[in-house]
Amino acid sequence: MSKVFLDWPAFPTAAERATKDEQLRANVRRATHTIRAKRGALAAERPDWQDLRDSAAAVKDEVLRHLDTYLEQLETKVREAGGVVHWAQDAEEANRIVTGLVQETGETEIVKVKSMLTEEIGLDAALEQAGISARETDLAAAIVQLGDDLPSHVVVPALHRNRTEIRDIFRREMGRHGRPAPDDLGDDPEELAEAARLHMRDKFLRAKVAVSGANFMIAETGTLVIVESEGNGRMCLTLPETLISVVGIEKVLPTWRDLEIFLQLLARNATGERMAPYTSSWTGTTDGDGPRTFHLVLVDNGRTRALADPVGRQALRCIRCGACMNICPVYERTGGHAYGSVYPGPIGAILNPLLKGPDDTQTASLPYASTLCGACNEVCPVCIRFTDVLLKLRSDVAEGDAEVKHPAEKAALKAVAGVMRHNPLWNAAVKSAGRAGAVLPTDMNLPGPLHGWTDSRTIPEIPAQSFRTWWKRTEGGTR
Amino acid sequence: MRTALFVTCLNDTLFPRTGQAAVELLRRLGVEVEFPAAQSCCGQMHYNTGYRAETAKLARHFVEVFGDYDRIIVPSASCGGMPAEAYAIAAESVGDDGLLRDVRRIAPRVHELTSFLTDTLGVEEVGAYFPHRVTYHPTCHSLRASALGDRPYRLLRAVRGIDFVELPAQEECCGFGGTFSVKNGAVSGAMNGDKARHVRETGAHVLAAVDNSCLMNIGGRLAKDGHPVRTMHLVEILARTEKDGPLDGVPVTEGERVR
C-alpha cells in the first residue's frame, strides 16, 4: 500500500524523534550542505540574479491577480490543440477523475513522472485501491516507492537516504515489482543508476498510460512544461498512448516570454545546475508523435483558499525548487518527514496551513516550526517573504479563525502584557526576579513546557540588581 | 535633543550590565541618555507567537513612554526592530488608526545601538580596550532584518588589544527563536549544539553579539557542557577602556600580557 502522511504527530513531537536519529541527521546534513553550496555559487554567477527574482515574483503575482482569465485561456488553447481539460476542486475529485481515465484505457500498470501534486492528493494510493499499479520513474521517487517510504524533499524525495540504504532497497524490492537488481549490486552511484535504468526501461516499453504533473503551463499556447534531470520524465511523456497531466491551478504562466525567466532560475536554485538536463514541452496531441490522447486535470485542493489570504497568497508563487529547505537550519536537523506533508521545510510550514487551514494540531504546529531566522527569504527565487507569512499564520492560530487555540499560553502572555504596561507592577516584577535569582540554581530543570529550555541549557543567573534599580540608585551612573 | 535608552525587559532583568555599558559608552561619546522608568517590553515575544492584539497594547505603551524623545536607543537588534517591523501590522490588525499614525511617526527615531554608533555618531574607534580573544555571532535579526552588515565587525576590529576571530558558519541561526526554544526544544537544542561547537572551535574566550537573547541561548549551552566561554553584548566590550584593564578570570591576549 502506498504510504501517505496521515494522522501525523504535531511538528515538535515528530521533530524531536528525528533529531535523535543520527543517521538521518548525517544524511540530511550532507545533502543539504552540498546543494546549498552549489546553488550559492551559481546564483552568485549571475549579476542579474536579483532582477530575475523580482521579475519572477512579478509574473506570478500578475497570474494570481488574474488567475481565472489565464486558466480559461489555457483551457481554450489546450482544447484547440486536441487535449481534454478536467477541473477538480479537491484531492478526492482529482483522484476520481484520474482513476476513471485510467480505467477507460483498461490498463492496470501505468508509469508516472515525479509530481508533487500527485503526492499531495495521494493519487498512487487511490489508483492502488482501484487495482491500478502506478510505478514512479524518477530515480529518487522510485527509491521512496520501492522502500515503501515517504518523500522528504520536493526536489530530492529520497534525500534522507544514503547510497548504502538505497542499494539495500534495490536489492530487496526491485524483483518484486519487475526486473530485479543484480545480486552483487554495490553502492557506487553509477551501479545504482544502471540498475534503476534497466528496471525502468522495461516499464517504459510496456506502459500504455502515463501520469505526470507539470512545472509550468503556458496560457497563450496551452503548452505544458516539465523540467527534470534524468530523462525518465521525457520517456513517460513520449512513449505511452495516453498522457494524463495533473497540475495545480497556480502553475499557469501567461506567455513563453515569461517562461524564459523561470527556466533561468529553476535549475540554478534547485539543483545548482546552469540548466536542467531535460526541458520537455508539449501542446495537446500531434498525429504520429507522442501520446494520441492527452488529458489535463486542473486541481484546486485549497489553492483558492490560500489565494484569499492577502499575506499568505505569495506562497502560491512557489516553483518547488526546494532551496528554502536546503538552507533551513530546522529542516537540516529534522529532515522532511517531521513536517507531516509532501511539502516540508519553510514552504511546507506556510503552504500546508494555507491550503488546509490550520484547524488541526498538526497543521497548526507548522507555522511555529521556524526560528524566523529568515534564511529562506534570501534564497527564494520568487521572493516569498516566509517570515511575514509565518507570523501572519501564527496570528491566525493565536487569535484568528483557526480552530486550534492555546488558551494557557494566551492567558499567560496576556497577563504578562498587562503587568508590563502597569509601571508599579512591572517595577515589582523586575525586583522580585532579582530576589528569585538569589535562590534559583542555574542548572535546575524547569517544569512543564519550559523543560524544552533546560534539557540542553542552563538558565541564566538573575542578577540581584536590575538595570532600573542601578539607574535609580546611581542616578544613571553619575553617583 | 532628548535621547532615551530603551534598555529592553530582558536586559533590565537579566543583563543590566549591558544597559550600564550603553550608558557609559554613550556618555563617553558625548550622548547623555534618559531612562524613562515606565518602559517595559517591546512585545516581541507576543508578536512572534501570534498575539497581535497584546502587541498593539504594548506598542501603545511604547508610544506613550517614548513619544517625546527625539532618539530612542536600543541595545538589541531584535527588540529595536519591533517598532519599525511589527507595530504598524499590530495596529492594523486591531484597526487602530491613531496608533498606526503614532507608530509610523516614532519608528524612524528608534535606533539599534550599533548602527547608532557607526551611522548617527559616525564612529568606529570608540576608545575601547579589550585584551582578549573574541568571536562574534551575527544574530539573525541583526544579520537579515536590521542588515547591520560589517558595522559590528568594524567596531570590534577597532578595539585596542583585541584578538578577533571569525566564527565558522556564523550566519546560521543559533536556534533560539523566542518561544521556539521551548515549543521546539529538541530542534532548538540541536541547532544550538552546533553553534556552541563552532564557538569552541575558535578558541575564543568571549562570545559577543548584539542580542542578549541569543547569547543567553548559546551561553546556556556552553555552560551546560562545562565550557567557560563568556558571553557579552558587544557594547560591554566597547565600553571597557585601559582604565578597566583586562577582564578578571579571562585569559589575556599574548601581545597584551607583555605590556
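About the thresholds
Residues numbered from 1 in each chain as written. Chains lettered and ligands numbered in written order. Predicted model: local features only at pLDDT ≥ 70, side-chain atom pairs only at ≥ 80, totals over all residues. Helix = DSSP H or I, 4+ residues; strand = E, 2+ residues; numbered from the N terminus. Rg over C-alpha atoms; globule rule 2.2 N^0.38 Å. Buried ≥ 20, exposed ≤ 12 C-beta atoms within 10 Å, placed from the backbone. Contact = placed C-beta atoms within 7 Å. Domains from an automatic or database assignment. Nonpolar A, V, L, I, M, F, W, Y, C, P; charged D, E, K, R; others polar. Pairing = 2+ DSSP bridges. Right-handed = clockwise from strand over helix to strand, strands pointing away. Axes fitted to C-alpha atoms, helices over the stretch in contact; angles between N-to-C directions. Parallel < 35°, antiparallel > 145°, perpendicular 65-115°, else oblique. Arc of directions from axis to C-beta.

Q: Just give me the short version of the overall build of chain B, but keep the residues and values in it.
A: Helix and strand counts for chain B stand at 15 helices and 7 strands. Since a compact globule built from 259 residues should have a radius of gyration of about 18 Å, the 18 Å found for chain B is in line with a globular shape. Here the C-alpha coordinates of chain B stretch approximately 60 × 45 × 30 Å along the principal axes. Split into buried and exposed, the 259 residues of chain B put 59% on the buried side. A sequence separation of at least 24 residues applies to 78% of the contacts in chain B between residues at least 6 apart.

Q: Residue-level account of the domain arrangement of chain A, with values.
A: Along its sequence, chain A is organised into domain 1 (11-303) and domain 2 (408-474). Spacing between the C-alpha centres of domain 1 of chain A and domain 2 of chain A amounts to 51 Å.

Q: Run through the environment of proline 358 of chain A, naming residues and quoting values.
A: Residue and element names in this part refer to chain A. Turning to its location among the elements, proline 358 is positioned in the loop between helix 16 (345-356) and helix 17 (361-365). Among the residues examined, proline 358 registers 23 C-beta atoms within 10 Å and is labelled buried. For the pair proline 358 and asparagine 423, spaced 65 residues apart in sequence, the C-alpha separation works out to 37 Å.

Q: Could you give me a rundown of the domain arrangement of chain B, with the residues and numbers involved?
A: All names here are of chain B. Domain parsing of chain B yields domain 1 (3-120) and domain 2 (133-258). Computed over C-alpha atoms, the centres of domain 1 and domain 2 are 23 Å apart. With 25 residues of domain 1 at the interface, the matching set in domain 2 holds 22 residues. Those elements giving two or more residues to the side of domain 1 that touches domain 2 turn out to be helix 1 (9-14), helix 2 (16-28), helix 3 (44-49), helix 5 (77-85) and helix 8 (113-120). Classifying every residue of the side of domain 1 that touches domain 2 by side-chain character gives 10 nonpolar, 11 polar and 4 charged.

Q: Please provide a residue-by-residue account of the pairing of strand 6 (residues 206-209) of chain B, values included.
A: Residue and element names in this part refer to chain B. Along strand 6, one buried face is formed by Val206 and Ala208 and the opposite face, lined by Leu207 and Ala209, is buried too. Summarising the sheet, strand 4 (residues 133-136) and strand 6 pair through 3 bridges and their orientation is parallel. In the strand pairing of strand 6, tyrosine 136 is matched with alanine 208. Of the strand pairs in this sheet, strand 6 and strand 7 (residues 230-233) are connected by 4 bridges, and their pairing is parallel. Its bridge partner lying in strand 7, leucine 207 is registered against threonine 231. In this view, the connection linking strand 6 to its parallel neighbour strand 7 by way of helix 13 (residues 212-224) has right-handed handedness.

Q: Tell me about the interface of chain B and chain A, and name the residues and values.
A: Taken together, the 55 residues of chain B in the interface contact 52 residues of chain A. Counting only elements with at least two residues in the side of chain B that touches chain A, the list comes to helix 1, helix 2, helix 3, helix 4 (52-66), helix 9 (140-145), helix 11 (180-183), helix 12 (185-202) and helix 13 of chain B. Ranked by the residues each element gives to the side of chain B that touches chain A, the list is headed by helix 12 of chain B, at 8 residues. Of the residues in the side of chain B that touches chain A, the class split is 24 nonpolar, 21 polar and 10 charged.

Q: Go over the sheet that holds strand 2 (residues 71-74) of chain B with me, naming the residues and quoting the values.
A: Residue and element names in this part refer to chain B. Judged by pairing direction, the sheet is parallel, and its 3 strands sit side by side in the order 1-2-3 without closing on themselves. Of all the strands in the sheet, just strand 1 (3-5) and strand 3 (110-112) have a single pairing partner and so form its edges. Between one strand axis and the next, the sheet turns by 30° as a mean value, whatever way the strands run. Direction of pairing for strand 1 relative to strand 2: parallel, over a ladder of 3 bridges. Residue pairing across strands places alanine 4 opposite isoleucine 72, the latter belonging to strand 2.

Q: How would you summarise unusual backbone geometry if you had to cite specific residues and measurements?
A: Residues and elements named next belong to chain A. Phi at aspartate 7 takes a positive value of approximately 50°, unusual for a residue other than glycine. You can see aspartate 7 is positioned in the segment before helix 1 (11-19). Its identity is not glycine, yet cysteine 383 carries a phi of approximately 55°, on the positive side. Within the secondary structure layout, cysteine 383 lies in the loop between helix 18 (375-379) and helix 19 (386-399).

Q: Give a description of the packing of helix 12 of chain B against helix 13 of chain B that names residues and reports values.
A: Residues and elements named next belong to chain B. Two elements in contact, helix 12 and helix 13, have axes separated by 9 Å at closest approach and are oriented at 75°. With respect to helix 13, the axis of helix 12 lies roughly perpendicular. Two secondary-structure elements touch here, helix 12 through Asn192, Gly193, Lys195, Ala196 and Val199 and helix 13 through Asn217, Ile218, Arg221 and Leu222. Here the residues of the contact of helix 12 with helix 13 sort into 4 nonpolar, 3 polar and 2 charged.

Q: Please set out the pairing of strand 7 (residues 242-248) of chain A residue by residue, giving values where relevant.
A: Residues and elements named next belong to chain A. The buried count for strand 7 comes to 7 of 7 residues, which makes it a mostly enclosed element. On strand 7, burial covers both faces: Thr242, Ile244, Val246 and Gly248 on one face and Leu243, Ser245 and Val247 on the other are all buried. Pairing of strand 4 (residues 209-212) with strand 7, which is carried by 4 bridges, proceeds in the parallel orientation. Bridge assignment links valine 209 to a residue of strand 7, and that residue is threonine 242. Bridge count for strand 7 against strand 10 (residues 293-299) is 7 bridges, and the pairing is parallel. Residue glycine 248 lies in a different strand from strand 10, and its bridge partner there is valine 299.

Q: Explain the sheet that holds strand 5 (residues 216-218) of chain A to me, using residue names and the numbers behind them.
A: Residue and element names in this part refer to chain A. If you trace the 4 strands from one edge of the open sheet to the other, you get 8-5-6-9, paired in mixed fashion. Sheet topology places strand 8 (252-253) and strand 9 (278-283) at the edges, where each strand pairs with a single neighbour. The pairing of strand 5 with strand 8 spans 2 bridges and is classified as parallel. Note on strand 8: the bridge partner recorded for methionine 217 is valine 252.

Q: So, helix 9 (residues 163-173) of chain A: which residues are in play, and what are the values?
A: Residue and element names in this part refer to chain A. Among the residues of helix 9, those classed as buried are Ile166, Ile169 and Phe170. Buried positions in helix 9, seen along its axis, are confined to an arc of 100° and lie on one side of it. Lining the buried residues of helix 9 we find helix 8 (139-146) and helix 10 (189-206).

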